[in-house]
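# Observations on chain architecture
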Amino acid sequence: MAGSEVLEKGGGRVEEQELLFEYTIKLLLLAGFLELVLYRLVSRLGMHLGKVAQQYESVRITFKALSSIGFTLLNLVSLLVFLALFLLLLSNVRTVGSGRSNALLVPSASLLVLLTIVFLVYPPAMLGSVVYNVISFTVLAILAVEYFLTHHKRSQRAMMTCYLLGITGWLYYQTVSTSYGLLGLVTAPPLVHEVNRAGEAMMVLASILVFWAYGSTPLWTKNKRQRRRAATFALVSGCAFVALLFLDYFLVLYDKALAETVRKAGEGIGWIFQMGMGYSFYLPFAFYVAGLLCWSYTIVKLLIIGRMAGFGLGLMFMAGYALQLSHLTLMVVLGVMLLNLDRRRAVAATSEQAEEPLLTRPTASLLAERA
C-alpha cells in the first residue's frame, strides 16, 4: 500500500491539488484544440485567401476576429501549460528520493520551463535556440526511458519509438541548421532535409499506430458495442483511405481539368497545415487522413473512459511536427508526462488489488486457529 501511495503521488494525485490539476488539463486540451483551429490553421487560411478578403469586407472582418480569438487562446494555452507542468513537477519533487521517480526529470524539466519564461521576455539568439533544443531533447529522452521501463506492450513501444524519432528529426533539423548559421557556414548541413522528411513520416506513422497502441479493440471481445464501433471505424477508415489513395487517378480518367483543380486545392490545404503544424504533405494525402482518423477515434475513446493517456496523446499530436513556438515544445513534454502518469495509475491500481488477498489471508488463518 505504501508503494501504491508513492505511485499516486508521483502521478500528481496529491489531495490538495487533484481538482486543480484535473480541470487544468481538461481546459488545456479544449483551449489547445481551439487554438490549433482558430490561430494556427484559420489565420493561415486567411493569408491564403487574401484576394477574397480584399473583395469582401465581411470575410476580412471574420478572419480578423477569428485570428484575434486564436491569439488570445494562444496566451491562455501557454499559461495552462505552465500551470500543469508546475503541478506535475511539484508532485515529482516530493517523490524524488523514493526511487519511484527519475531524479533527472525534475531539474531538467524545470530548467526547460525556466528558459521558456526567460526567452519570452528576452527573445533568444541562435545560441539560445540551440541550447533550448538540446535541453528539450534531453527532457524527452528522460521521459522516453521512463515510458519504456513502465510500458511493455509492443504496440505502445512502437508508437512511442516512431513519435520520438519524428520529434528528433525536427529537433535535428532545427539544431543543426541553427548551428551552421551560428558558425557562419554557407554549406547545407548533412542530411538535414532527408532527416526532416523522415521525421515527418515517423510522425504520421505514429498517429496511425496510436490506434493500435491505445484504441484498438480485440475482435473476440464480448462487448457487442465495442465490436460494432471497431467494425464501423475500420470500414469507414478503410474506404476513405482507398478512395483518397486513388482519387487523383480516377479524376484524371474522368476530367483532367477537375483533377487539376483538386490538386491545387490539396496544395492549398498542405500549405495551411505546413504553416500551422509543420507537415509538408509530401506523402500521399491518404496517409495523413488515416493518421487523423486513427488519432481522433483513439482520443475520443480514451477521453470517454477518463484515461490520462487521452489528454497526453491529444497534447502531443496537437502540438504538431514543427515545434516553432515554445509552448508547443512544453505541450509535447507535458503530453509524454501524462502518458507516464496514466501507466503509473494503472500500476497503482494493480498493486492495490494484489495486496488485498495478502491482507485477508492472515485474518482467515487466525480465525481458524481460534476455532
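Reading the values: the criteria
- Sequence positions are assigned chain by chain, starting from 1 and proceeding in written order.
- Totals for whole chains, interfaces and linings use every residue, but because this is a predicted model, local features are given only for residues with pLDDT of at least 70 and side-chain atom pairs only at 80 or more, for both listing and counting.
- Hydrogens and water are ignored here; the side-chain numbers use all heavy atoms of the structure.
- Starting at the N terminus, helices and strands are each numbered in turn, a helix being any DSSP run of H or I of at least four residues and a strand any DSSP run of E of at least two.
- Multiplying one less than the number of residues by 1.5 Å gives the expected span of a helix.
- Residue burial is assigned from relative accessible area. The probe radius is 1.4 Å, only protein chains are included, and a residue is buried under 20% of its type maximum, exposed over 50%, and partly exposed in between.
- Salt bridges are identified by distance alone: a Lys or Arg side-chain nitrogen within 4 Å of an Asp or Glu carboxyl oxygen.
- Here the axes come from fitting lines to C-alpha atoms, over the contacting stretch only for helices, and the angles between their N-to-C directions go from 0 to 180 degrees.
- For this classification, under 35 degrees means roughly parallel, over 145 means roughly antiparallel, 65 to 115 means roughly perpendicular, and everything else is oblique.
- Residue contacts follow a heavy-atom distance rule, with two residues in contact if any of their heavy atoms lie within 4.5 Å.
- Three residue categories are used. Nonpolar comprises Ala, Val, Leu, Ile, Met, Phe, Trp, Tyr, Cys and Pro, charged comprises Asp, Glu, Lys and Arg, and polar comprises the others, including Gly.
- Note on convention: near helix rotated counterclockwise from far helix by under a right angle means a left-handed crossing. Clockwise means right-handed.
- Summary of the metric used: pLDDT quantifies the predictor's per-residue confidence within the range 0 to 100.
- In these notes, a set of buried Ala, Val, Leu, Ile, Met, Phe, Trp, Tyr and Cys residues joined through side-chain atoms within 4.5 Å is what counts as a nonpolar core.
- Aromatic rings from Phe, Tyr and Trp, taking only the six-membered ring of Trp, are treated as a pair when their centres fall within 6.5 Å; an angle between ring planes under 30 degrees marks them as stacked, one over 60 as edge-to-face, and anything in between as tilted.
- Here, over-ring charges are defined by two tests on the NZ atom of lysine or the CZ atom of arginine: distance to the ring centre within 6 Å, and angle to the ring normal within 35 degrees.

## Thoughts on helix α12 (residues 285-304)
End to end, α12 covers 29 Å across 20 residues, agreeing with the expected 28 Å (1.5 Å per residue, within 8%). For α12, the set of buried residues is A286, Y288, V289, A290, G291, C294, W295, Y297, T298, I299 and L302. In the segment just after α12, G306 is the residue with positive phi, at about 80°.

## Regarding helix α5 (residues 105-121)
Here α5 spans 25 Å end to end across 17 residues, near enough to the 24 Å set by a 1.5 Å rise per residue. Where α5 is concerned, the buried positions are L105, V106, S108, A109, L112, V113, L115, T116 and F119.

## As for the pattern of salt bridges
As enumerated under the stated definition, the model contains two salt bridges in all. As a salt-bridge pair, E35 and R40 come within 3.4 Å of each other at their nearest N and O atoms. Its relative accessible area of 0% is what places E35 among the buried residues. Overall, R40 belongs to the buried group, its relative accessible area being 2%.

## Quick notes on the packing of helix α8 (residues 192-215) against helix α13 (residues 308-318)
Look at α8 against α13: their axes get within 12 Å of each other, and the N-to-C directions meet at 170°. What the angle tells us is that α8 and α13 run roughly antiparallel. Every residue of α13 that contacts α8 at M203, A206, S207, V210 and Y214 is listed here: A309, L313 and F317. Each residue belonging to the contact of α8 with α13 can be placed in one class, and the counts come to seven nonpolar, one polar and no charged.

## Observations concerning the side chain of S207
Its location among the elements puts S207 in helix α8. In contact with S207, not counting residues within four places along its chain, are G291, C294, W295 and F317.

## Observations regarding the packing of helix α7 (residues 154-183) against α8
Interaxial distance between α7 and α8 falls to 7 Å at its minimum, and their mutual angle equals 155°. Put simply, α7 runs roughly antiparallel to α8. α8 is crossed by α7, and the crossing has left-handed handedness. Tallied by class, the residues present in the contact of α7 with α8 amount to 20 nonpolar, eight polar and one charged.

## Notes on the confidence of the model for the protein
Of all residues in the protein, 74% attain a pLDDT of 70 or more, and the chain-wide mean is 77. Across the protein, the element-wise mean pLDDT spans from 38 in helix α1 (residues 2-10) up to 91 in α7. Note that residues 1-16 has pLDDT below 50 and, in this model, 35 contacts with residues that lie over four places away or in other chains. Predicted confidence for residues 345-371 stays below pLDDT 50, and this span has twelve contacts to residues more than four positions away or in other chains.

## Details of the nonpolar core
Grouped together as the largest cluster of nonpolar side chains are 75 residues, with contacts concentrated most on Y214, L313, L334 and L338. Setting aside residues up to four positions removed in sequence, L313 forms contacts with M159, V210, Y214, W295, I299, L302 and L339.

## A few points about the packing of aromatic side chains
Applying the stated criterion to the full structure yields nine aromatic pairs. Seen in terms of ring centroids, Y39 and F71 are 6.1 Å apart; in terms of plane orientation they differ by 50°. Their pairing is tilted. Of this pair, Y39 sits in helix α2 (residues 18-48) while F71 sits in helix α4 (residues 57-93), and the two are 32 residues apart along the sequence. Taken together, the ring pairs connect W170, Y173, Y279, Y288 and Y321 into an aromatic cluster. Taking NZ or CZ as reference, K26 lies 5.7 Å from the ring centre of Y23, over its face. Directly above the ring of Y282 sits R197, whose terminal nitrogen or CZ lies 4.7 Å from the centroid.

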